[in-house]
Structures are given as structure tokens and as C-alpha cells.
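One letter stands for each residue in the lines below.
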Amino acid sequence: MTTAIGVVMTDHIVAGRLHDQRLTGELLRYPADRDALDELPSIPGGDLLELLATQISTLAARESAPVNAIGVAVPGIIRHGIVEDSPNLQQIKGMHLATELARVLAERGINAPVHAANDADAIAAGVAATRGQLDRLTRVWTIGNGIGYGRWPYVEGVWEGGHITVTLDPKERFCGCGGVGHLEGIMGYRAMRMRFLDLEPEEVFANARAGDSRCREFVNLWHRALAAATASFIHLAGPGRFYFTGHNVGFLELDRLRTHLEEMVKMSPLISYSLEILPPGDENALLGAGVAALGALSF
Ligand SMILES: [Zn+2]
């Protein structure tokens, strides 16, 4: 039996213990208050490491079986255990997350290897594991404040799919990274608030349903942007499975997305893609963080 601990840090921290690629026992969560979503960005990096280590050591102590690997998933560009960028958790930018967390854990007597991954990559790994398709290409879009793109199996690269350029309109400049024409500049929550200074994104989608033409036009653009980005990845890496998740996945209408995709992907070997919305929750990311950490052991 293999045992891993998976941890996900987004706007909260959640940790769980895996036995043979299955979550067991209760998950740990910080902050415990589910509405406290603004807390993590103001916690210094070193304190975040201690919080992660506390959750991991609590889970490690739950059973006597040794932990084989520890996987941590965070948003941003994560390569070789280093957080190269993480726009929503600025304090961990540049952090050697895998090495530094391993050091803090060693002080607490835990010596399992630590693997760091992008959170959307972890979701892709988790979905692939639960569906028994670890040998297949699995891609995930996370639709939240930012737009994340994840894939399994992991391949070396940056994969900032949320910042793929989907329009040549020079007025499209709402992306948090500052780039013009980006997917996140259309679909991201923050970007939508900047575009509609008089309406919350929820109101924009509600007004569109009620027939307001400005909002309808935008909701159409929102879906076309996601279709364009998805079509680009189909043209680069082939068809396959795409999953959609995140805080704001409720805005997504799959039929509308599919209609736009059908206009954009025409080559017959490429049309066998599938689209599916995942139920909300941290389980896929947690599982995937653990699965990726166990997978990294054999590399
Ligand atoms: Zn961008």
C-alpha cells in the first residue's frame, strides 16, 4: 500500500491523506470559516509553510503507516518545486516550496519527499486517477478569479493557458497580468468587474438571461473566448477530454461552448473531444496532488 498526503493552497488550505490513490479520513481545512477567503494573501510566506506543515504533521500522525510522498498544489507557475509566479499569493513568488517545506517538515520528524504542482495540473491528475485514465491526456480549465489550465500527464512547460491570446482587439486589456487580448482578461472574475464597473459578474449573466443586449453580447464573447482557447489546445495537442471547474463554473453553458467549438475545430481527426463540468470541491485537486507526488517518486 502507498500512502501520500495531498495539500491544496488556493484561497484556503485543505489537506487529506491518500491510501492507494484514494482519499481516506477527514480533510483538514484552514481557515475553518468557509467564508474567510481573503486571509491567505496577507499571511507571510514563512507562516504559510508552518500552516502547511501543521496540517501535514497532523495527518501523518493519524496512522502508524509511513507516508511515502507529500504533494502540494498551488496556483501559478510551478517548476522543479519552485513557485516562479503566483499572482494571487504574491508572498510565495520565488519560494523553493518543495525544498523549504521539506526542511520545515524534517524539523518535525517527517522526511517524506515533497512534490509541488500547479493546482489545475493537480485537478487534472485527480480526475485522471478517479476515472482510471492516468494513461490518457486530461485537460482542465479552472474558472475563478483567474483562469487556470491544467493537464495530465505533466510535461515540462509553463502552460499558462489562462493567458493565451484569444483576441486581437487592442481594447481588451483587463487581464491581471497586464497582457492585451488574454483569455483571463475576458473570463476572469476580476476582469469582468473591471469591464462592468456598474454590475457584478453575477448580474451580467442574469441580465443576459433576461435579454439585456449588452450583457448578452458579453456572455457570448465569454463563451467564444473559452472556445477559442480550447480550440487552440485541440489544434496543438489533439482532441481528448476537457473538464471545467472552479468557483465560477456556474457561468458556463456547455452547449453554447460546444456550438462555438464546432465552428472553430473542423479537421476530422480533431473532433472527438469531450467536454464535462466537474462538481465543485477540493477532492480532485487533493487527490491529484498526492498522485503526482507518488508519480514523481518513480521518475
Ligand atoms: Zn494575462
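Keep in mind it's a predicted model, so treat the numbers as computed, not measured.

(A) Structural view of the side chain of Ser86. Inspection of the secondary structure assignment puts Ser86 in the loop between β6 (82-85) and α2 (97-107). Polar contacts involving the side chain of Ser86 include one to the main-chain carbonyl oxygen of Pro75, which spans 2.7 Å. Beyond its immediate sequence surroundings of up to four residues, Ser86 is in contact with Pro75, Gly76 and Ile92.

(B) View of the coordination of the zinc ion. At the metal site, the zinc ion is ligated by His163 (ND1), Cys175 (SG), Cys177 (SG) and His182 (ND1), and these contacts range over 2.0 to 2.3 Å. The motif formed by the donor residues of the zinc ion, counted along the single chain, is H-x11-C-x1-C-x4-H. A relative accessible area of 47% means that Cys177 is categorised as partly exposed.

(C) Molecular detail of the pairing of strand β4 (residues 69-74). Within β4, six of the six residues are buried, leaving the element largely enclosed by the surrounding structure. The two faces of β4 match: Ala69, Gly71 and Ala73 on one face and Ile70, Val72 and Val74 on the other face are all buried. Bridging between strand β1 (residues 3-9) and β4 involves five bridges; their strand directions are parallel. Across the sheet, residue Val8 finds its bridge partner in β4, namely Ala73. Where β4 lies against strand β7 (residues 114-118), five bridges are found, and the strand directions are parallel. Across the sheet, the residue bridging to Gly71 is His115, located in β7.

(D) Geometry of a negative patch on the surface. A cluster of like negative charges, contributed by Asp33, Asp35, Asp38 and Glu39, occupies part of the molecular surface. Looking at where Asp35 falls in the secondary structure, it is placed in the loop between β3 (22-30) and α1 (45-60).

Here is what the cut-offs are and how they apply
- Residues numbered from 1 in each chain as written.
- Predicted model: local features only at pLDDT ≥ 70, side-chain atom pairs only at ≥ 80, totals over all residues.
- Heavy atoms only, no water.
- Helix = DSSP H or I, 4+ residues; strand = E, 2+ residues; numbered from the N terminus.
- Polar contact = N/O pair within 3.5 Å; in protein donor to acceptor, adjacent residues only side chain to side chain.
- Contact = heavy atoms within 4.5 Å.
- Donors = N, O, S within 2.8 Å, 3.2 Å for Na, K, Ca; no water.
- Buried < 20%, exposed > 50% of the residue type's maximum accessible area, 1.4 Å probe, protein only.
- Pairing = 2+ DSSP bridges.
- Patch = residues over 30% accessible without salt bridge, like charges linked within 9 Å, V, L, I, M, F, W, Y side chains within 5 Å.
- Areas by Shrake-Rupley, 256 points an atom, 1.4 Å probe, with all protein chains shown as cover.
- Salt bridge = Lys/Arg side-chain N within 4 Å of Asp/Glu carboxyl O.
- Lys, Arg positive; Asp, Glu negative; His and termini not counted.
- Charge placed at Lys NZ, Arg CZ, Asp CG, Glu CD.

Taken by themselves, the reported measurements are silent on function.
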